[in-house]
Amino acid sequence: MMTDRINNQFQLGDDLTGKRIVVAMSGGVDSSVVAALAARTGAETIGITLQLYDHGEAVGRAGSCCAGQDIRDARQVAEKLGIAHYVFDHASRFQESVMDVFADEYMAGRTPIPCVQCNMGVKFTDLLNLSRELGADCLATGHYVRRVIGEQGSELHRAMDPARDQSYFLFATTQDQLNYLRFPLGDMPKDQVREIAKDMGLSVAFKPDSQDICFVPDGDYAKVVRKLRPEADDDGEIVHIDGTVMGRHKGLIHYTVGQRKGLEIGGQAEPLYVIRLEPETKRVFVGPKQALAVASATLRDINWIGGDFEGPMQVKVRSMAKPTHARLEGDTLRFHNPEFGVSPGQAAVFYHKDRVLGGGWIDKTGAVSQQWLAAAAV
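On a predicted model such as this, the values are computed, not experimentally measured, just so you know. Numbers given for residues are sequential positions, taken from 1 along each chain in its written order. Whole-chain, interface and lining totals are the exception, using all residues; otherwise, since this is a predicted model, local features are given only for residues with pLDDT of at least 70 and side-chain atom pairs are given and counted only at 80 or more. To obtain the side-chain values, all non-hydrogen atoms of the structure were used and water was disregarded.

A. A look at helix H6 (residues 114-133). The helix and strand labels rest on DSSP assignments: H or I over at least four residues marks a helix, E over at least two residues marks a strand, and numbering proceeds from the N terminus. A helix is expected to span 1.5 Å for every residue after the first. In this model, H6 (20 residues) spans 26 Å end to end at C-alpha, consistent with the 28 Å of a helix rising 1.5 Å per residue. With its phi angle positive at about 75°, Gly135 sits one or two positions after the end of H6.

Below, the structure is given as structure tokens:
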């Protein structure tokens with residue numbers, strides 16, 4: 001890769017001599033390649049790894065992400081590149097701002113996104129502040145998004161590779177943070193990133209990607225919530241939206257809006273879905289798919305980085321959902337067509353083409369049909 005192209009990826013000018021770049025190093029191939037590219041620019045490069053929790057204590061399993069082997073991998077890459085590397089213990093901060101929020105959201109009948117909470121707090125606040133204290137010109141990360149300089153300044157855009165795009169999880173990035181952050185991998189496919197790692201002789205070149213939430217490596221969310229909140233297994237009624245009690249559930253933490261499997265209710269004429277969770281009565285409401293359709297969603301903590309953009313926009317209500325047309329009226333998001341599986345606790349992220357305009361947390365939804373809205377209050 002040509003030197004001038006590498007320099008351009010960090011958007012610090014043509015000559016990076018005398019510049020200082022801090023790289024957030026998680027121990028994976030993506031951030032390791034970012035560190036390698038930064039070192040190649042001639043800028044002073046410093047790697048920082050945050051130890052976020054004692055993995056064994058958190059989930060009863062030794063070693064792995066944000067502790068143990070990942071930290072050792074980050075240190076080994078830094079040694080290979082000849083750059084400084086520091087590890088900071090932010091376990092208590094991560095516990096308070098991410099893991100406790102994760103558990104409390106499930107207990108409240110919402111579906112949390114801990115990766116966004118982590119970006120909002122530990123990564124793009126704490127780590128960014130550390131970078132500034134070190135006198136860095138920017139903080140570079142391995143996220144697959146693009147920072148584009150537009151007419152009004154820096155903008156957040158989707159990654160060129162749609163299969164790797166992580167823009168949904170970065171909707172809460174503020175304008176001030178975006179001005180300081182850099183995302184050198186946004187224009188690359190994953191295969192190219194691994195090829196760079198291989199060519200540079202990095203030990204993590206073929207390290208598998210993490211597929212789950214870092215503190216839930218086996219995908220068993222309920223187990224982690226139970227460990228943090230022992231009362232999470234309180235059972236309750238499963239109620240059809242027509243008011244019929246259909247059975248009992250084994251704890252709200254096992255259910256999310258739109259869920260079909262795991263209800264253990266047989267003999268129905270049509271499939272049943274989780275329509276609503278009611279934590280105050282510990283009831284799970286179920287109904288037919290059409291009862292999932294919503295016309296609007298009320299948002300909280302809206303973050304806007306779209307400048308003075310006022311045109312039509314699209315919105316994603318889940319990380320894997322297809323964008324749909326909607327308009328924002330104050331804190332109310334109104335969908336042009338009925339949207340299904342909109343769950344409180346998830347995020348609604350606004351887009352115009354590839355640009356991220358911002359987003360907010362889904363607080364509650366408005367059903368398409370008053371029939372379903374009234375029944376859900378039974």
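B. Broad picture of the packing of aromatic side chains. Any two of the Phe, Tyr and Trp rings considered here, Trp counted by its six-membered ring, make a pair once their centres fall within 6.5 Å; the pair's planes then place it as stacked at under 30 degrees, edge-to-face at over 60, or tilted in between. A complete count under the given rule lists eight aromatic pairs for this structure. For the pair Phe102 and Tyr221, a centre-to-centre distance of 6.1 Å together with 85° between the ring planes defines the contact as edge-to-face. Linking Phe102 in helix H5 (residues 91-107) with Tyr221 in helix H9 (residues 221-228), this pair joins segments that are 119 residues apart in sequence. Under the relative-accessibility criterion, Phe102 is labelled buried at 2%. We call a residue buried when its accessible area falls under 20% of the maximum for its residue type, exposed when it is over 50%, and partly exposed in between, using a 1.4 Å probe and counting protein chains only. Owing to a relative accessible area of 30%, Tyr221 belongs among the partly exposed residues under this scheme. When the centroid spacing of 6.3 Å and the interplanar angle of 40° are considered together, the rings of Tyr106 and Tyr221 count as tilted. On the criterion of sequence distance, the pair formed by Tyr106 in helix H5 and Tyr221 in helix H9 is long-range, its members being 115 residues apart. An aromatic cluster of at least three residues, connected via ring pairs, comprises Phe94, Phe102, Tyr106, Phe215 and Tyr221. Sitting over a ring, as applied to charges here, requires NZ of Lys or CZ of Arg to be within 6 Å of the ring centre and within 35 degrees of the ring normal. Cation over ring: Lys289 sits above Phe340, and NZ or CZ is 5.9 Å from the ring centre.

C. How the structure looks around H9. Among the residues of H9, those classed as buried are Ala222, Val224, Val225 and Leu228. End-on view of H9: buried residues confined to an arc of 160°, all on one side of the axis. The directions considered for the arc run from the helix axis to the C-beta atoms.

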